[in-house]
Amino acid sequence: MEHPTTVKILKFYAEKCNGCLECEKACSQVHFKTKDGGEKSAIRIIKTETGYSMHVCDQRGLCLDMCPVGALTRRKNGVVWLEKEVCIGCQACVGFCPIGAMRKADVRIEPFKCISCGSCVRACPEKAIELVEATITDIKQVVYHKLGV
């Protein structure tokens, strides 16, 4: 199999964000079929002293080597993906993620993360988020040698 060379990642424009959380609601609709946002969203908008910041998976792939059953892979489009049918719910990836972007919601055993689907981008009325193309070799980080390609 040929390895992907690029991946779409989210870019945040803090100066445009008004904190409406429409992006979180759109994300929870994708993952849980609800507009709850918050803990059911892979993207989090955080209020800071000066405005807002975004917390989301950066697709670096550090978690790929951590899954004991190989449920985490990098898809053809470059996105780090969790195969729910393979996942055993051990939460190793949640505990390992150095930026805390692998999420856990109480309503199901499998964790979840940003899949770069763009629903948050489309939902943002201020255009504070965009999907941009990144070269995987520029962003990837590998813990071991096997899966972090």
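Residues numbered from 1 in each chain as written. Predicted model: local features only at pLDDT ≥ 70, side-chain atom pairs only at ≥ 80, totals over all residues. Heavy atoms only, no water.

(A) Broad picture of the pairing of strand β3 (residues 52-55). Where strand β2 (residues 44-47) meets β3, four bridges bridge the pair, whose relative direction is antiparallel. Residue Arg44 lies in a different strand from β3, and its bridge partner there is His55. Connecting the antiparallel pair β2 and β3 is a turn made up of four residues, with Gly51 showing a positive phi of about 155°. (Pairing = 2+ DSSP bridges. Helix = DSSP H or I, 4+ residues; strand = E, 2+ residues; numbered from the N terminus.)

(B) Spotlight on the side chain of Ser28. On the secondary structure map, Ser28 appears in helix α1 (residues 22-32). Note on Ser28: relative accessible area 0%, which makes it buried. Polar contacts involving the side chain of Ser28 include one to the main-chain carbonyl oxygen of Lys25, which spans 3.0 Å. A polar side-chain atom of Ser28 sits 2.9 Å from the main-chain amide nitrogen of Gly37. With sequence-adjacent residues up to four places away left out, Ser28 is seen in contact with Lys33, Thr34, Lys35, Asp36, Gly37, Lys40 and Ser41. (Buried < 20%, exposed > 50% of the residue type's maximum accessible area, 1.4 Å probe, protein only. Polar contact = N/O pair within 3.5 Å; in protein donor to acceptor, adjacent residues only side chain to side chain. Contact = heavy atoms within 4.5 Å.)

(C) How the structure looks around the environment of Gly19. Checked against the element boundaries, Gly19 lands in the loop between β1 (6-12) and α1. Among the residues examined, Gly19 registers a relative accessible area of 22% and is labelled partly exposed. Separated by 19 residues in the primary sequence, Gly19 and Gly38 have C-alpha atoms spaced 13 Å apart.

(D) The arrangement of the state of the cysteines in detail. Within the structure shown, the criterion is met by zero disulfides. You can see Cys67 has no disulfide; the closest cysteine sulfur is in Cys90, sitting 6.0 Å from it. Cysteine Cys87 shares no disulfide, and the gap to the nearest cysteine sulfur, in Cys93, comes to 6.3 Å. Given a relative accessible area of 17%, Cys87 falls into the buried group. (Disulfide = S-S within 2.5 Å.)

(E) Region of the structure containing the packing of aromatic side chains. Here the structure, examined in full by the defined rule, presents one aromatic pair. Ring geometry for Phe32 versus Phe112: centroids 4.9 Å apart, planes at 85°, classification edge-to-face. Pair noted here: Phe32 is in helix α1 and Phe112 is in the loop between α2 (92-96) and α3 (119-123), with a separation of 80 residues, a long-range link. With a relative accessible area of 3%, Phe112 lands in the buried category. Over the face of the ring belonging to Tyr52 we find Lys47, whose NZ or CZ atom lies 5.0 Å from the ring centre. A cation sits over an aromatic face here: Arg75 above Trp81, 3.7 Å from the ring centre. (Phe/Tyr/Trp six-rings, centres within 6.5 Å; stacked < 30°, edge-to-face > 60°. Lys NZ or Arg CZ within 6 Å of the ring centre and 35° of its normal.)

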